[in-house]
Amino acid sequence: MCQLCAAKSSPWLNRRGFLLAAGATAAGSAFAQVDVGQGSRLRTLVPAGELEQAAAKQYGELLQEARTKGALAPESHPQLQRIRKISSRLIADAPRWNERARQWRWEVNLIQSNSINAFCMPGGKIALFTGLLDKLKLSDDEAAMVIGHEMAHALREHARERIAKSQGTGALLSLGAALFGLGELGDVAANIGTQLLTLKFSRDDEIEADLVGLEMGARSAFDPRASVSLWQKMGQANSGGGPAFLSTHPTGPDRMQRLNENIPRVQALYQQAAARR
């Protein structure tokens with residue numbers, strides 16, 4: 001914004017600077033160090049606003065259920081304060097990957113459960129389970145890699161793409177009817193929302209989330225090497241029957257190898273960010 005203000009002497013420079021900035025932000029990965037390319041156009045078949053509204057509804061219901069069971073961590077909970085502090089640093093970099101993230105009402109909550117799990121729903125609705133932090137004994141850097149990975153799924157709009165691919169024409173017509181006042185939006189939101197917590201992303205989605213999360217973490221002064229130690233811990237946890245997280249997030253040597261290959265690409269970003277803190 002300061003660079004644009006400096007261009008006031010020329011209306012053309014002002015307009016050109018704005019267009020360049022807007023274009024770069026819309027592209028999301030235009031200046032990324034990791035190579036993830038552009039997002040799939042299939043996601044445009046599902047309106048972003050309606051999906052985010054559905055996610056907010058489902059998220060609210062989940063929190064209410066946790067609250068009723070006494071499982072929603074209170075504001076004073078040290079682990080909640082910890083993950084919110086970590087998340088705030090990552091959220092600051094979110095618009096780089098998706099311009100809509102500037103308008104999202106980000107929420108970060110902690111659910112007290114032995115489950116090793118975490119998610120970020122469309123619209124920036126984040127939740128972690130205490131089992132993830134406690135059982136794996138995650139460092140701040142490792143927790144940031146989990147949160148960044150989940151945020152990346154939302155920022156790259158993988159849920160929109162998955163739903164567009166899986167629902168087919170019928171569901172899209174139902175969604176369209178709701179948008180034009182021809183159906184019950186609540187029913188559509190509930191149907192979509194139910195899928196959001198059980199959505200299984202593709203291998204390509206997982207690769208994107210790994211790499212985008214890696215770069216987001218580095219830019220936020222979290223050590224990118226923690227991405228590898230995180231998945232090592234996940235793999236060790238999997239030997240005991242497997243945490244819920246791994247039912248939708250497969251791990252393996254190829255994942256860690258890919259992360260190791262990309263760490264040098266973001267290492268300088270991490271060092272610069274760490275030096276500023």
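Computed from a prediction, not measured in an experiment: that's the story for all the values here.

For the rest of this paragraph, the subject is the confidence of the model for the protein. Detailed conclusions should not be drawn from predicted coordinates in areas where pLDDT is low. Scored by pLDDT, the protein comes out at a mean of 77, with 68% of its residues at no less than 70. Ignoring residues within four places in sequence, the model shows residues 1-28, a span with pLDDT below 50, making 15 contacts including any to other chains. Across residues 168-194 the pLDDT falls below 50, and counting only partners more than four positions away or on other chains, this stretch makes 27 contacts in the model.

Below, the discussion takes up the packing of aromatic side chains. The tally for this structure, following the rule as stated, stands at 2 aromatic pairs. A ring pair is formed by W104 and W106, whose centres lie 5.3 Å apart and whose planes are at 55°; its orientation type is tilted. Here the basic side chain of R89 rests over the ring of F222, its NZ or CZ set 3.8 Å away from the ring centre. Looking at R255, its charged tip hangs above the ring of W231, at a distance of 3.9 Å from the centre.

Moving on to the pattern of salt bridges. Under the defined criterion, the tally for this structure stands at 15 salt bridges. E52 serves as the salt-bridge partner of R100, at 2.8 Å between the closest nitrogen and oxygen. One end of the pair, R100, is in the loop between α4 (78-91) and β1 (107-111); the other, E52, is in helix α3 (residues 48-68), with 48 residues separating them in the sequence. The shortest N-O distance in the salt bridge between K69 and E65 comes to 3.1 Å. Classification of E65 as partly exposed rests on a relative accessible area of 43%.

The next thing to look at is the sheet that holds strand β2 (residues 118-121). Pairing in this open sheet of 3 strands is mixed, and the strands run β1-β3-β2 from one edge to the other. Looking at which strands have only one partner, the edges of the open sheet turn out to be β1 and β2. Recorded for the sheet is a direction-independent mean angle of 15° between the axes of neighbouring strands. Across 4 bridges, the pairing between β2 and strand β3 (residues 125-129) is antiparallel. Its bridge partner being in β3, F119 is matched across the sheet by A127. Against the sheet, α3 contacts β1, β2 and β3, and its axis sits at roughly 35° relative to β1. Lying over the sheet, helix α6 (residues 140-155) contacts β2 and β3, oriented at roughly 30° with respect to β2.

With that settled, consider helix α9 (residues 203-219). Here α9 spans 24 Å end to end across 17 residues, near enough to the 24 Å set by a 1.5 Å rise per residue. α9 sits mainly inside the fold: 15 of its 17 residues count as buried. Positive backbone phi, at 70°, marks A221, one or two positions downstream of α9.

Counting buried positions along β3 yields 5 of 5 residues, so the element is predominantly enclosed. In this sheet, β3 lies alongside β1 in parallel orientation, the contact comprising 5 bridges. If you follow V108 over to β3, its bridge partner there is I126. Between the antiparallel neighbours β2 and β3 lie 3 residues, among them G123 with a positive phi of about 90°.

What counts, and at which threshold
- Residues numbered from 1 in each chain as written.
- Predicted model: local features only at pLDDT ≥ 70, side-chain atom pairs only at ≥ 80, totals over all residues.
- Heavy atoms only, no water.
- pLDDT = per-residue confidence, 0-100.
- Contact = heavy atoms within 4.5 Å.
- Phe/Tyr/Trp six-rings, centres within 6.5 Å; stacked < 30°, edge-to-face > 60°.
- Lys NZ or Arg CZ within 6 Å of the ring centre and 35° of its normal.
- Salt bridge = Lys/Arg side-chain N within 4 Å of Asp/Glu carboxyl O.
- Helix = DSSP H or I, 4+ residues; strand = E, 2+ residues; numbered from the N terminus.
- Buried < 20%, exposed > 50% of the residue type's maximum accessible area, 1.4 Å probe, protein only.
- Pairing = 2+ DSSP bridges.
- Axes fitted to C-alpha atoms, helices over the stretch in contact; angles between N-to-C directions.
- Expected span 1.5 Å × (residues − 1).

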